Amino acid sequence: MSETPTGRAILPAVSVTHVSKAFKLPHRRYHTLKERVLHPFSTSTYDLLEAVNDISLQIAAGEFFGIVGRNGSGKSTLLKCLAGIYDIDAGELSVRGRLSPFIELGVGFNPDLTARDNVTINAIMLGLTRKQARAKFDDIIAFAELEDFLDMRLKNYSSGMHVRLAFSVAIQVDAEILLIDEVLAVGDANFQQKCFDEFQRLKKEGRTILFVTHDMGAVERFCDRAMLLDKGKMIAIGDPGAIARRYNELNFGQTIHDVGEPRSTTDQRRDGHREAEIVDAWFENATGERIPAIAHREWCTACIEVHFTAPLDDPIFGATLRNDVGATVFATTTAFDHGPTGHFDAGETVVVRLRFEVWFTQTRYTVTPSVAREGMGADTIDLRADLASLVVHGGNFTTGVVDLPHEFTIERR
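About the criteria used
Residues numbered from 1 in each chain as written. Predicted model: local features only at pLDDT ≥ 70, side-chain atom pairs only at ≥ 80, totals over all residues. Heavy atoms only, no water. Helix = DSSP H or I, 4+ residues; strand = E, 2+ residues; numbered from the N terminus. Buried < 20%, exposed > 50% of the residue type's maximum accessible area, 1.4 Å probe, protein only. Contact = heavy atoms within 4.5 Å. Core = buried A, V, L, I, M, F, W, Y, C linked by side-chain atoms within 4.5 Å. Pairing = 2+ DSSP bridges. Axes fitted to C-alpha atoms, helices over the stretch in contact; angles between N-to-C directions.

Draft legend 1. View of the environment of A226. With respect to the helices, strands and loops of the structure, A226 is situated in strand 10 (residues 225-230). For the pair formed by A226 and G66, sequence separation is 160 residues and the distance between their alpha carbons is 4.2 Å.

Rendered as structure tokens:
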């Protein structure tokens, strides 16, 4: 709870105090009446799944708050408790302001009705009056870009069209608090960008947003703070960049920050498939010398040493550069710019080099190398956060992340 300059207390928009929610998972499920008669006492035993376990936090009005965690960590359950979909088993919840849940978009849609009818019905279900729903109708359809499909039945819509229409309806509710649960995964890239722009607009208007996602880039880009959940418990809360790194550590194992110190193969502090292990990382200048610092706009090479403990075909090598406040300034993989990397035998060691021109502004940068299986690059074999660092000096003074080559022209009219 914060205070105004006059000393008056400001109540948080969302307050969660020692909240817990558990589900009973019976050991036997009945499918027929005969099974129930033959096994009348089987339902007496069950497992207890603690989806949310003693969570406490306060979210200020106007805050963009991220909630991250692996599948099954309790993120969606917590949001559904806040939305009133689930009753809590213990603790207290307080929500101050009109709330709009973006949890399961389009739940109230009727697939046999047209988009025109569904927009009106769903808007009223979300709290608008019939008059307000009619007044916002054109804006809803324009945002969804579905003007040509108004009289098509919803059952004939694609999943992407369905999400666009549902999201467009939901943002017109003008709620003070928005609960957003990974609802944009189905939309195409252009629509996702429109939604993110809408989030920025809502944030500038002072709306309170709780954002559940697996996209750490979005967490660092939008959130003021973030929270990491695992197995129903709060692991960490604070700066989005730090939470994003903790999330990666939780998924891919603990990381080592001692540059140049090879990790023993018996080190059990990291999880992962272990078919390949990142041994070391460093930076080199244009002549191949290892360097701790480099001048602005010089050519630089990030080097990653990888040892293979099992044969692998076409692994994906990646590198992420972060600045001193933990924001990602550049990320790439061989899947983007190199293509198939070839076959590697067990016992083989390679050095992967990423060459780039330093357009970054003056500060310290770190590299997080990774190795993933072939495919989309999501199945990470090894990752070591912030393994090597480099100081960039020189260049123009700017508050931006990069100092790109540029020039001005002035034309009199």
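Picking up after the structure, the text goes on.
Draft legend 2. The arrangement of helix 3 (residues 115-125) in detail. Within helix 3, burial applies to A115, N118, V119, T120, N122 and A123. Contact partners of the buried residues in helix 3: helix 4 (130-144) and helix 5 (159-170). A positive phi of about 115° marks G127, the residue just after helix 3.

Draft legend 3. Broad picture of the nonpolar core. Formed by 30 residues in total, the largest nonpolar core has its most connected members in F283, V306, F308 and F356. Counting residues per element, the ones that place at least two in this core are strand 12 (276-284), strand 14 (299-308), strand 16 (316-322), strand 19 (349-357), strand 20 (363-372) and strand 22 (388-393). In terms of residue count, strand 14 provides more of this core than any other element does, five residues in total. Those residues in contact with F308 that sit more than four places away from it in its chain are E275, A276, P315, F317, F344, D345, A346, G347, E348 and V350. By size, the runner-up hydrophobic cluster in this structure holds 27 residues, among which are F199, F211, A244 and Y247.

Draft legend 4. Representation of the sheet that holds strand 6 (residues 90-95) in the model. Strand order in this open sheet of three strands is 4-3-6, and the pairing throughout is antiparallel. Of all strands in the sheet, those bounded by a partner on one side alone are strand 4 (46-59) and strand 6. For this sheet, the mean angle separating the axes of adjacent strands, direction not counted, is 30°. For strand 3 (residues 14-26) and strand 6, the ladder comprises five bridges, and the chain directions are antiparallel. Pairing of T17 across the sheet is with E92, part of strand 6. On the sheet, helix 2 (residues 75-83) packs against strand 3, strand 4 and strand 6 and is oriented at approximately 115° with respect to strand 3.

Draft legend 5. Structural detail: the pairing of strand 8 (residues 177-181). Of all five residues in strand 8, five are buried; the element is thus mostly enclosed. Burial along strand 8 is two-sided: I177, L179 and D181 and L178 and I180, pointing in opposite directions, are all buried. The pairing of strand 7 (residues 99-102) with strand 8 spans four bridges and is parallel. Bridging across to strand 8, F102 finds its partner in I180. Bridge analysis of strand 8 against strand 9 (residues 208-212) gives five bridges, and the strand direction is parallel. Each bridged residue has a counterpart across the sheet, and for I177 the counterpart in strand 9 is T208.

The analysis is restricted to geometry; functional conclusions fall outside its scope.
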